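Listed below are the residues making up each chain.
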Amino acid sequence: MLTDFGTLDDFAGVCHGVVAARAPHASVIHLTHGVTPQAVLQGALVLRNSLPYMPDTAVYMAVVDPGVGTDRRALAVEAADGHAFVGPDNGLLAPAIAACGGARRVVVLDNAAHQLAPVSRTFHGRDVFAPAAAHLAAGGDIGALGSVAPTDSLAGLAVPEPQIEQGSIEAEVWNVDRYGNIALLLDKVGLTTAFGENLELELVVGKDRFYALVSETFAHVRPGEILLYEDPYGWMSVAINQGDAAETFRMRRGKRMVILPRRSA
Amino acid sequence: MLTDFGTLDDFAGVCHGVVAARAPHASVIHLTHGVTPQAVLQGALVLRNSLPYMPDTAVYMAVVDPGVGTDRRALAVEAADGHAFVGPDNGLLAPAIAACGGARRVVVLDNAAHQLAPVSRTFHGRDVFAPAAAHLAAGGDIGALGSVAPTDSLAGLAVPEPQIEQGSIEAEVWNVDRYGNIALLLDKVGLTTAFGENLELELVVGKDRFYALVSETFAHVRPGEILLYEDPYGWMSVAINQGDAAETFRMRRGKRMVILPRRSA
Amino acid sequence: MLTDFGTLDDFAGVCHGVVAARAPHASVIHLTHGVTPQAVLQGALVLRNSLPYMPDTAVYMAVVDPGVGTDRRALAVEAADGHAFVGPDNGLLAPAIAACGGARRVVVLDNAAHQLAPVSRTFHGRDVFAPAAAHLAAGGDIGALGSVAPTDSLAGLAVPEPQIEQGSIEAEVWNVDRYGNIALLLDKVGLTTAFGENLELELVVGKDRFYALVSETFAHVRPGEILLYEDPYGWMSVAINQGDAAETFRMRRGKRMVILPRRSA
């Protein structure tokens, strides 16, 4: 399960209960419920990031669903490599399914026999997605969940690309983690394209520029120094050793950062 | 498990450990540990809300326990429909047990053989309730846990009723969720009693009045608009589409809201 | 699992996935992920506190790891009493292992066959510790995880001792819990050594002194009164009945508190 439900309320626990009631032998992994409310892009990338680390038999239930109660479709998807996903058709599943080779079967969750009754208008996690995930986790056939839809009918997801030029990058912040580390929509190849082997860069934040070192790990820079490092999922990220980069730079998801070479002193 | 332990500390994890040590085949569902500290009413209603969604064989361990260390009783209760509950006798279990048809057997947890030794004065979740829940989850008899008590000896819970008149409602806030949605001690029947099919209302907050639409779901109102909707557990709730109602209205548990018809312009 | 990963991100969930992929029959107890980032002492004491409450067959994976990516060792340790621990060699495991009678076997996690490939520089929880914990939880031999190291090579942990004199104690705050209760590096024996059976004390906070009662439980003092009590793990702790002591006294981990006898009026 990956959701934006948080841990303050019973939302995640109730979904767990629905799964346990219908698939008692399934084991639930709470990947995270800490996605920012309604942040579909963030949820989509966290979901895709996690794939290589989950059991092969996992059924992924992902719910970040600002359109709940509208006519956005609720889907179960079997990917080309056999992985199964359940969630709203708003792009949340798109990067993960693409990473699994694309969709092989797409089913709209419109079979009421696999939903709770009545279906609430605002909590499809509990009433639609959890029962569907339980059905799949218990070995049920995806086709039983509803109507087949074209595999090319999946909603896509707009992922803002970085602007990479010789000696300059502008990239969007897609995540800020618990430690205040800032993950950019930028990979190592992009960084190298712009700056080659230059490890001394500058971050432009408003009218200020900050010296930053490209480094493999925190401990290679001094406390308080800024580093650009490849995070464990392959995203270039900005951190402050023993500090909180997001707070220091007042950065949050959706803002953009500019990276330039260090000016000569 | 439903508690006010939070996730910052090891309290919930240690209780999970105590259960796992004594009932290794039991599966633990963390319904929530996010109940506001010592908020018995909130915990009691979240617990009752969750019942229809949990496995039939569930044992409910609920701990919101401001009276820990006093002479308030620690109980295990078998409800008329067979569900089992463990928790303090302070009203926390009352709505859930009522929803299960009342108590069939009430046992005071005074058998030291089913407690950890020594029992701490401030953490009965770990030392008293978790071992009792594990005993029941492992199929043990409730009678082994301690002394039988009268089924009518359970502490009740004062649930503040809404004041409903023709064209006016005053109701208490019993919950604010992660999204800032405000749940009132008011159901759809109460709303209809006061306002009929009128979907255009006003919320009175201090000296201000705010236009609110009765709506089935968020997406039926515009971003920033206020809606009154039936939440997925049947409580009338106040939300702002893509906003945070609790923050906007400075509302929190225990405060009261007044609802009136929209004044003609 | 005990970590400082928090619940905002997928870090704990991904580690759970790695364990589930490699030890599908293992049950994961999330002891807590709420350790303050990089607070090794806090994590070490929470881990040790929890030992008596966990299943005998538990494998402990503990990750509070400010030195990740440096040459600090990653270890698996079998204690004299058979318990198994996995974590960084920075003192985090030391109090727990000491409580288990010391180390019987120490293995450096340098066998790549039991690591994910490639090993990231900043997330050894996922790439090194979780696979090792899964191996042990699945019944694998600790020796397979890497090179044997001397049992006396474990990093120790500096635990600041209280200064205890007749009629005076100065002790460090090692934990502040969800309720604002302040746990001191001080036990009941230390308190009695300084103050005997005197139950009326004063806390010195900056230039102010506060009256505090030694009490077994919250309910024995009035709302708003300060109490010194033995917490459920044996630490002397400062609380305010129905209040938040840490906020009131602006106390946090690492600060020191002075306790004196009550001055006669």
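Please read these numbers as outputs of a predicted model, since none were measured by experiment.

Moving on: the sheet that holds strand β6 (residues 147-149) of chain B. Residue and element names in this part refer to chain B. In spatial order, the strands read β1-β2-β4-β3-β5-β6; together these 6 strands make up an open sheet with mixed pairing. Looking along the sheet, the strands with just one partner apiece sit at the ends: β1 (2-3) and β6. Here strand β3 (residues 74-79) runs beside strand β5 (residues 103-108); their pairing, made up of 5 bridges, is antiparallel. Note that in β5 the partner of A79 across the bridge is A103.

Taken residue by residue, chain A gives an average pLDDT of 96. The fraction at 70 or more is 100%. Reported for the predicted complex are a pTM of 0.96 and an ipTM of 0.96.

On to the packing of helix α1 (residues 11-22) of chain A against helix α4 (residues 124-137) of chain A, then. When two helices pack together, you describe them by how their axes are tilted relative to each other and by the distance separating the axes. All names here are of chain A. Direction vectors running N to C along α1 and α4 enclose 40°, while the axes themselves pass 9 Å from each other. In this view, α1 runs oblique relative to α4, as classed from their interaxial angle. Between α1 and α4 lies a crossing whose hand is right-handed. Across the interface between the two elements, V14, C15, V18, V19 and R22 of α1 pack against G125, R126, A130, P131 and A134 of α4. When the residues that make up the contact of α1 with α4 are grouped by side-chain class, the tally is 7 nonpolar, 1 polar and 2 charged.

The next subject is the sheet that holds strand β2 (residues 59-63) of chain C. Residues and elements named next belong to chain C. Spatially, β1-β2-β4-β3-β5-β6 is the arrangement adopted by the 6 strands of the open sheet, whose pairing is mixed. The open sheet terminates on both sides in strands that have one partner only, identified here as β1 (2-3) and β6 (147-149). Contacts from helix α4 (residues 124-137) reach β2, β3 (74-79) and β4 (84-88) within the one sheet, and its direction differs from that of β2 by about 170°.

What follows concerns the environment of P55(A). Tracing the sequence through the fold places P55(A) in the loop between α2 (40-50) and β2 (59-63). Each C-alpha atom of the pair P55(A) and H83(A) lies 10.0 Å from the other, and the pair is 28 residues apart in sequence.

Residues and elements named next belong to chain C. Here S215 shows up in the loop between β11 (208-214) and β12 (226-230). We classify S215 as buried; its relative accessible area is 10%. Ignoring any residue separated from it by four or fewer positions in sequence, one finds S215 in contact with H220, V221, L227, L228 and Y229.

A word on the relation of the copies chain A and chain B. For the match of chain A to chain B, the screw axis carries a shift of 0.0 Å, the RMSD comes to 0.0 Å, and the turn is 120°. The two molecules are tied by a three-fold rotation axis, judged by turn and shift. Within chain A, T7(A) has its C-alpha nearest the rotation axis, a separation of 4.7 Å. Comparing interface residues between copies, only 10% of those in chain A also sit at the interface in chain B, which points to a heterologous contact through distinct surfaces.

Mapping chain C onto chain A leaves a residual RMSD of 0.0 Å; the transformation is a rotation of 120° accompanied by 0.0 Å of translation along its axis. Mapped onto chain A, only 10% of the interface residues of chain C are again interface residues, and the two copies thus contact each other with different surfaces.

Let us look at the interface of chain C and chain A. One frequent convention defines the size of an interface as the accessible area lost when the parts assemble. Between chain C and chain A, the residue contacts involve 30 residues of the former and 27 residues of the latter. Between chain C and chain A the total buried area reaches about 2200 Å² when both faces are included, carbon and sulfur atoms providing 58% of it. The tally of links from chain C across to chain A stands at 1 salt bridge. The salt bridge partner of R121(C) is E216(A), with a shortest N-O separation of 2.4 Å. Our count for the contact surface shared by chain C and chain A stands at 15 residue pairs in polar contact (both at pLDDT 80 or more). For the side of chain C that touches chain A, the secondary-structure elements that each account for two or more residues are α1 (11-22) and α4 of chain C. In terms of residues, the side of chain C that touches chain A owes the most to one element, α1(C), which gives 8 residues. Here the side of chain C that touches chain A is composed, by residue class, of 12 nonpolar, 12 polar and 6 charged.

Moving on to helix α5 (residues 188-195) of chain B. Residues and elements named next belong to chain B. The set of residues buried in α5 consists of G190, L191, A194 and F195. In a view along the axis of α5, the buried residues occupy a sector of 105°, so they form one face of it. Positioned one or two residues after α5, G196 has a phi angle of 60°, which is positive.

The next subject is the interface of chain A and chain B. The interface is formed by 30 residues belonging to chain A together with 27 residues belonging to chain B. For the pairing of chain A and chain B, the buried interface totals around 2200 Å² over both sides, and the portion due to carbon and sulfur atoms is 58%. Counting the contacts that link chain A with chain B gives 1 salt bridge. Secondary-structure elements contributing two or more residues to the side of chain A that touches chain B are α1 and α4 of chain A. Examining the composition of the side of chain A that touches chain B, we find that 8 residues originate from one element, α1(A), more than from any other. Per-class residue counts for the side of chain A that touches chain B are 12 nonpolar, 12 polar and 6 charged.

Tallying each qualifying case throughout the model produces 27 aromatic pairs over all chains. Ring centres of F11(A) and Y179(B) lie 6.2 Å apart, and the angle between their planes is 25°; on these two criteria the pair is classed as stacked. Residue F11(A) is found in helix α1, and its partner Y179(B) is found in the loop between β8 (168-176) and β9 (182-187); the two belong to separate chains. By relative accessible area, which is 12% here, F11(A) ends up buried. Relative accessible area serves as the criterion here: at 21%, Y179(B) is assigned to the partly exposed category. An aromatic cluster is built from F5(A), F11(A), F123(A) and Y179(B), whose rings are joined through pairwise contacts. The lysine or arginine in question, R178(A), covers the ring of Y179(A), its NZ or CZ lying 5.9 Å from the ring centre. R126(B) extends its terminal NZ or CZ atom over the ring of Y233(C), reaching a point 4.8 Å from the ring centre.

Attention shifts here to the side chain of S50(C). Among the structural elements, S50(C) can be located in helix α2 (residues 40-50). Residue S50(C) is classed as buried on the basis of its relative accessible area of 0%.

Each neighbour pair has its own omega, and for A117(A) with P118(A) the value is -5°, a cis peptide bond. Position of P118(A) relative to the elements: it lies in the loop between β5 (103-108) and α4. Here Q242(A), not a glycine, exhibits a phi torsion of approximately 60°, which is positive. Tracing the sequence through the fold places Q242(A) in the loop between β13 (236-240) and α6 (245-249). With relative accessibility at 59%, the residue Q242(A) sits in the exposed group. Positioned with a positive phi, R250(B) is a non-glycine residue whose angle comes to about 50°. By secondary structure assignment, the location of R250(B) is in the loop between α6 (245-249) and β14 (256-261). Given a relative accessible area of 68%, R250(B) falls into the exposed group.

Time to look at helix α1 (residues 11-22) of chain B. In this model α1(B) runs 17 Å from its N-terminal to its C-terminal C-alpha over 12 residues, within 8% of the 16 Å that 1.5 Å per residue would give. Across the 12 residues that make up α1(B), a large majority, 10, are buried. Listed as buried for α1(B) are F11(B), A12(B), G13(B), V14(B), C15(B), H16(B), G17(B), V18(B), V19(B) and A20(B). Against the buried residues of α1(B) lie β2 (59-63) and α4 (124-137) of chain B together with α2 of chain C.

Okay, the pairing of β12(C) next. All names here are of chain C. For β12, the tally of buried residues reaches 4 of 5 residues, placing the bulk of the element in the interior. Here 5 bridges tie β12 to strand β13 (residues 236-240), and the two strands are oriented antiparallel to one another. Directly across from I226, in β13, lies its bridge partner I240. Here β12 folds back onto β13 in antiparallel fashion, the turn holding 5 residues, of which G234 has a positive phi close to 100°.

Conventions used here
- Residues numbered from 1 in each chain as written.
- Chains lettered and ligands numbered in written order.
- Predicted model: local features only at pLDDT ≥ 70, side-chain atom pairs only at ≥ 80, totals over all residues.
- Heavy atoms only, no water.
- Pairing = 2+ DSSP bridges.
- Helix = DSSP H or I, 4+ residues; strand = E, 2+ residues; numbered from the N terminus.
- pLDDT = per-residue confidence, 0-100.
- Axes fitted to C-alpha atoms, helices over the stretch in contact; angles between N-to-C directions.
- Parallel < 35°, antiparallel > 145°, perpendicular 65-115°, else oblique.
- Left-handed = near helix turned anticlockwise from the far one by under 90°.
- Contact = heavy atoms within 4.5 Å.
- Nonpolar A, V, L, I, M, F, W, Y, C, P; charged D, E, K, R; others polar.
- Buried < 20%, exposed > 50% of the residue type's maximum accessible area, 1.4 Å probe, protein only.
- Least-squares fit on C-alpha atoms with pLDDT ≥ 70 in both.
- Buried area = accessible area lost by both parts, 1.4 Å probe.
- Salt bridge = Lys/Arg side-chain N within 4 Å of Asp/Glu carboxyl O.
- Polar contact = N/O pair within 3.5 Å; in protein donor to acceptor, adjacent residues only side chain to side chain.
- Arc of directions from axis to C-beta.
- Phe/Tyr/Trp six-rings, centres within 6.5 Å; stacked < 30°, edge-to-face > 60°.
- Lys NZ or Arg CZ within 6 Å of the ring centre and 35° of its normal.
- Expected span 1.5 Å × (residues − 1).

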